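Chain residues, written in single-letter form:
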Amino acid sequence: MPDRLDKLAVIWSSADAEVARSAAFMYARNSLVRGWWHQVRLIVWGPSAKTLAFDADLQLELTALADAGVELYACKACAESHGVGERLERTGVQVMYMGQPLTDMLKQGWRVITF
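On a predicted model such as this, the values are computed, not experimentally measured, just so you know.

For Val 112, the position within the fold is in strand S5 (residues 111-114). C-alpha separation for the pair Val 112 and Arg 34, spaced 78 residues apart in sequence, amounts to 18 Å. Setting aside anything within four residues of it in sequence, one finds Val 112 in contact with Leu 8, Ala 9, Ile 11, Leu 102 and Leu 106.

With that settled, consider the sheet that holds strand S2 (residues 39-44). The strand order S4-S3-S2-S1-S5 describes an open sheet built from 5 strands, whose pairing is parallel. Either end of the sheet is taken by a strand with one partner, and the two such strands are strand S4 (94-96) and S5. Each adjacent strand pair in this sheet contributes to an overall mean axis angle of 25°, direction not counted. Alignment of S2 against strand S3 (residues 71-75), held across 4 bridges, turns out to be parallel. Bridged to Ile 43 within S3 is Tyr 73.

Once that is clear, we can look at the pairing of strand S1 (residues 7-12). Where burial is concerned, most of S1 is hidden: 5 out of the 6 residues are buried. Direction of pairing for S1 relative to S2: parallel, over a ladder of 6 bridges. The partner of Val 10 across the bridge, within S2, is Leu 42. On the question of chirality, the crossover connecting S1 to the parallel S2 by way of helix H1 (residues 17-33) is right-handed. Inspection of the sheet shows S1 paired to S5 by 4 bridges, in the parallel sense. Across the sheet, Leu 8 pairs through a bridge with Arg 111, a residue of S5.

The rules behind these values
- Residues numbered from 1 in each chain as written.
- Predicted model: local features only at pLDDT ≥ 70, side-chain atom pairs only at ≥ 80, totals over all residues.
- Heavy atoms only, no water.
- Helix = DSSP H or I, 4+ residues; strand = E, 2+ residues; numbered from the N terminus.
- Contact = heavy atoms within 4.5 Å.
- Pairing = 2+ DSSP bridges.
- Axes fitted to C-alpha atoms, helices over the stretch in contact; angles between N-to-C directions.
- Buried < 20%, exposed > 50% of the residue type's maximum accessible area, 1.4 Å probe, protein only.
- Right-handed = clockwise from strand over helix to strand, strands pointing away.

Given below as structure tokens:
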């Protein structure tokens, strides 16, 4: 049975779509598919919210992440500041204020990697 240290939060904050494809999304997906981590959450934070909202290819890749079991979240404050909250919700990402959830995850021993 996995312990509390077997949980990973991948924070994608870069506006660069290639960072999502070749780093954040790839690592998040492989982490579950290859069994490196038991639970993985991708958190879209900052300018990445706008990038995701307008990039259909990234949205398709996001679907593959969800199919692999990656939990998808986006910071509501960030999405609202870029005017893309509703667009992100339509992609299947859970849009919510992330300050407290991230704090809770850190206090529970989640590992965090940022791209």
